[in-house]
Amino acid sequence: MVAMTESTGQSAGDRQPLARHATLALLVLLLMVSVASLFVGATGISPMEVIGAVLAGEPIETSARVVILDIRLPRLAMGALVGASLAVAGVVMQGLFRNPLADPGIVGVSAGAGLGAITAIVLGGLLPSTVGAALGYALVPVAAFVGGGVSVVLLYIVSTRNGQTSVATMLLAGIALSAMVSAVSGVMIYLADDAQLRDLTFWGLGSLAGATWSKLLAAMPLMVLGLLGAPLLARSLDTLALGEIAAQHMGIDIQRMKRLAVVIVAASVGAAVAVSGGIGFVGIVVPHLLRLMTGPSHAPLILNSALLGASILLLADMISRVIVAPAELPIGIIMALIGGPFFLWVLIKRRGFAGV
Amino acid sequence: MLSATNLRVTIDGTTILHGVDFIAEPGEVTAIVGPNGSGKSTLLSALTGTQTFDGEAQMGALDLATAKPWELAARRAVLAQFTSVAFPFTVSEVVRIGGGEPDLTTAALARVGLGTYGTRPYHALSGGEQQRVQLARVLTQVWRPMDAGVARWLILDEPVSSLDIAHQLDVMEIARDFARAGGGVVAVMHDLNLTAMFADSVALMSKGQVVRQGAVHDVLTDETLSGAYGCRVQVNMAPRGGTFVLPQASQA
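Note that the coordinates shown come from a computational prediction; the quantities given were computed from them, not determined experimentally.

The next thing to look at is the overall build of chain A. Within chain A one finds 16 helices and two strands. Taking all 356 residues of chain A together, the buried fraction comes to 54%. Of the contacts made within chain A by residues no fewer than 6 positions apart, 78% connect residues no fewer than 24 positions apart. As displayed, chain A offers around 15,500 Å² of accessible surface, 73% of which is attributable to carbon and sulfur atoms.

Here it is in structure tokens:
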């Protein structure tokens, strides 16, 4: 069936059929990584025993059930959602800025979201108790969403003139933004008590270790908003790749698409940062690899980035769990070890391509 | 019919268009000519809905002041002087962004003489080739010049400025064929000789106004051109009966 629809009407050089095959492969990859991540960790649980028990209808050993249902399953779901959200946020931001270097982490959007989250953690207690109770676990994600949104808008206003983004200005604005954010964060950390301080430090390194169902449920609406909203932008982002004026000529309401893009980036990054802290580079590594393999058309790129982002984060999380077991290395460190050199490699390859 | 009446545009306090009257008919190629800075591109932006203006402008039944981007996109396609492409698309992928059916991509590329270029990376092409790929993309947006009895429009901003002479003729023939099939073509032109060969109507602009619009032999005259361009220009007739302009007169 799939092969038949692909063979008709597709012109040579259009990599959409290839991208569709990649989607299938990435789905299989995500499935395998997900299953593996349920069984990898400090407590050894044999997959065979668990699967055997489920198939035989026997009760699973209590300790194994707790580890799988209350620790690894929420962590698996959170890792997949965070990875997918960060990767999709990267694609949308790069499309909006018309530049493959626009990664939420590199240009300060994650930092802005982080500031929102830190403020909520430290000052959340000062809210009237009724408001605090009403927001509950949602307070931190919502604050991170606001912080991320403000950062994207600021960054866009500073670095884009007449629809042209200056890469240098964008990266410099990101530095300024990060500096301001870390100054204010410093103040917040100064105000924090000991317990909050421990939370902040661990959270800042980026980790999925605190995953619980309740945290996940609080952040999930924003992530789902981002993941379901992004595909609506696919055609607009394709046309925007030819410039703002050309996109308008092709029937796109530019102002509306920009607003939607900002909301999607802020929602995805805000929610991801709120639950997992500073996990960087997913938003640049994943879309970049996929563009190399299957091209920059946004419809397949958004879908495949979500799948690959989820898989990569789950893989990194497994590494973080076993590499210094029984302790854990924060996943943010693993991603920085992979992503830092990758970013440098992209910069080296792009030398001489300024602005493209 | 595409028409503008008393069109005025002011950008950052500078008035670019001082009450322009302009008209283009379906089935014709209408050229806009004039010196640099005379307001040709601004007029084109107003006519394509990307520049706000005072006055009136209509594309068929659409009021250009209030039409939505998607309503305009269904009626007309626009080729810019230069289109920058962000991301490493192939030629086929760039054409598909135009939004036509997938099988139009191949046909449109063949139409601009790049039928075998589909798999190439867009950024590896020369400037002239890139411009023809963009024309193919634009053509897919208004592939049928008539849609349910209503003309569609092909709007071209200096479509041949980066092309060699053979491809200049090819592109102008594509424009003429589009008009012959019932669509309307409006093109900003710098080359007065190509204008004389292909235009059914010429609008000559100078200092933010259309100083004269009409048939080639009425508009491209010694006196109007010399006045508009501010240099001596002499209009002649080619051996086989067409108007041509040589710049040598300015040296005489």
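What follows deals with the confidence of the model for chain A. Residues and elements named next belong to chain A. Chain-level pLDDT for chain A is 83 on average; 88% of the residues reach the 70-or-more range. Averaged pLDDT values over the elements of chain A bottom out at 38 in helix α1 (residues 2-7) and peak at 95 in helix α11 (residues 234-240). When the criterion is pLDDT under 50, residues 352-356 qualifies, and its contacts beyond four places in sequence or with other chains add up to five contacts.

Following the UniProt record, the feature "domain: ABC transporter" (unreviewed entry) maps to residues 2-232 of chain B here. Helix makes up 35% of residues 2-232 of chain B and strand 28%, with an end-to-end C-alpha separation of 32 Å.

All names here are of chain A. Under the criterion given, the structure shown has one cavity of 30 Å³ or more. Considered as a void within the structure, the largest cavity measures approximately 50 Å³ in volume. As for the largest cavity, its lining consists of Leu 86, Asp 103, Pro 104, Gly 105, Ser 110, Ile 279, Gly 280, Phe 281, Val 282 and Gly 283. Looking at the lining of the largest cavity residue by residue, the classes come out as five nonpolar, four polar and one charged.

Now for the sheet that holds strand β4 (residues 54-59) of chain B. Residue and element names in this part refer to chain B. Taken in spatial order, the four strands line up as β2-β1-β4-β5 in an open sheet, and their pairing is antiparallel. This sheet does not close on itself; its edge strands, each paired only once, are β2 (14-24) and β5 (62-63). As judged from the five bridges shared by strand β1 (residues 2-11) and β4, these two strands associate in the antiparallel manner. From the neighbouring strand, Leu 2 faces β4, where its bridge partner is Met 59.

So, on to the packing of helix α4 (residues 62-97) of chain A against helix α13 (residues 254-276) of chain A. Residues and elements named next belong to chain A. With their axes 9 Å apart at the nearest point, α4 and α13 run at an angle of 150° to one another. For the crossing formed where α4 meets α13, the hand is left-handed. Residue-level contacts link Met 78, Val 82, Ser 85, Leu 86, Ala 89, Val 92, Met 93 and Leu 96 of α4 to Lys 258, Ala 261, Val 262, Ile 264, Val 265, Ser 268, Val 269, Ala 272, Val 275 and Ser 276 of α13. Residue classes in the contact of α4 with α13 are distributed as 14 nonpolar, three polar and one charged.

With that settled, the discussion passes to the interface of chain A and chain B. Each partner contributes residues to the interface: chain A has 33 residues there, and chain B has 31 residues. Our count for the chain A to chain B interface comes out at two salt bridges. The residue Asp 14 of chain A makes a salt bridge to Arg 96 of chain B at a minimum N-O spacing of 2.4 Å. Seen at the junction of chain A and chain B, the total is 10 residue pairs in polar contact (both at pLDDT 80 or more). For the side of chain A that touches chain B, the residue count by class is nine nonpolar, 16 polar and eight charged.

Moving on to α13 of chain A. When the terminal C-alpha atoms of α13 of chain A are compared, their 32 Å separation across 23 residues agrees well with the 33 Å that a helix rising 1.5 Å per residue should span. When you tally the buried positions in α13 of chain A, you get 18 out of 23 residues, the bulk of the element.

So, about the sheet that holds strand β11 (residues 201-206) of chain B. Residues and elements named next belong to chain B. Across the sheet, six strands lie side by side as β6-β9-β10-β3-β11-β12; this open sheet has mixed pairing. Every interior strand has two partners, whereas the edge strands, β6 (76-79) and β12 (209-214), have only one. This sheet shows a mean twist of 15° between the axes of neighbouring strands, independent of strand direction. Sheet contacts for helix α5 (residues 127-141): β6 and β9 (153-157); angle to β6, the most-contacted strand, approximately 175°. Helix α9 (residues 222-229) rests against β3 (29-33), β11 and β12 of the sheet, and its axis sits at about 35° to β11.

Rules of the game
Residues numbered from 1 in each chain as written. Chains lettered and ligands numbered in written order. Predicted model: local features only at pLDDT ≥ 70, side-chain atom pairs only at ≥ 80, totals over all residues. Heavy atoms only, no water. Helix = DSSP H or I, 4+ residues; strand = E, 2+ residues; numbered from the N terminus. Buried < 20%, exposed > 50% of the residue type's maximum accessible area, 1.4 Å probe, protein only. Contact = heavy atoms within 4.5 Å. Areas by Shrake-Rupley, 256 points an atom, 1.4 Å probe, with all protein chains shown as cover. pLDDT = per-residue confidence, 0-100. UniProt positions renumbered as here; feature names shortened; annotations may be inferred. 1 Å grid on protein atoms, 1.4 Å probe; cavity = no way out; pocket = protein on both sides within 12 Å on 5 of 7 lines; lining within 4 Å. Points joined across faces, edges and corners; volume = space filled by probe spheres on them. Nonpolar A, V, L, I, M, F, W, Y, C, P; charged D, E, K, R; others polar. Pairing = 2+ DSSP bridges. Axes fitted to C-alpha atoms, helices over the stretch in contact; angles between N-to-C directions. Left-handed = near helix turned anticlockwise from the far one by under 90°. Salt bridge = Lys/Arg side-chain N within 4 Å of Asp/Glu carboxyl O. Polar contact = N/O pair within 3.5 Å; in protein donor to acceptor, adjacent residues only side chain to side chain. Expected span 1.5 Å × (residues − 1).

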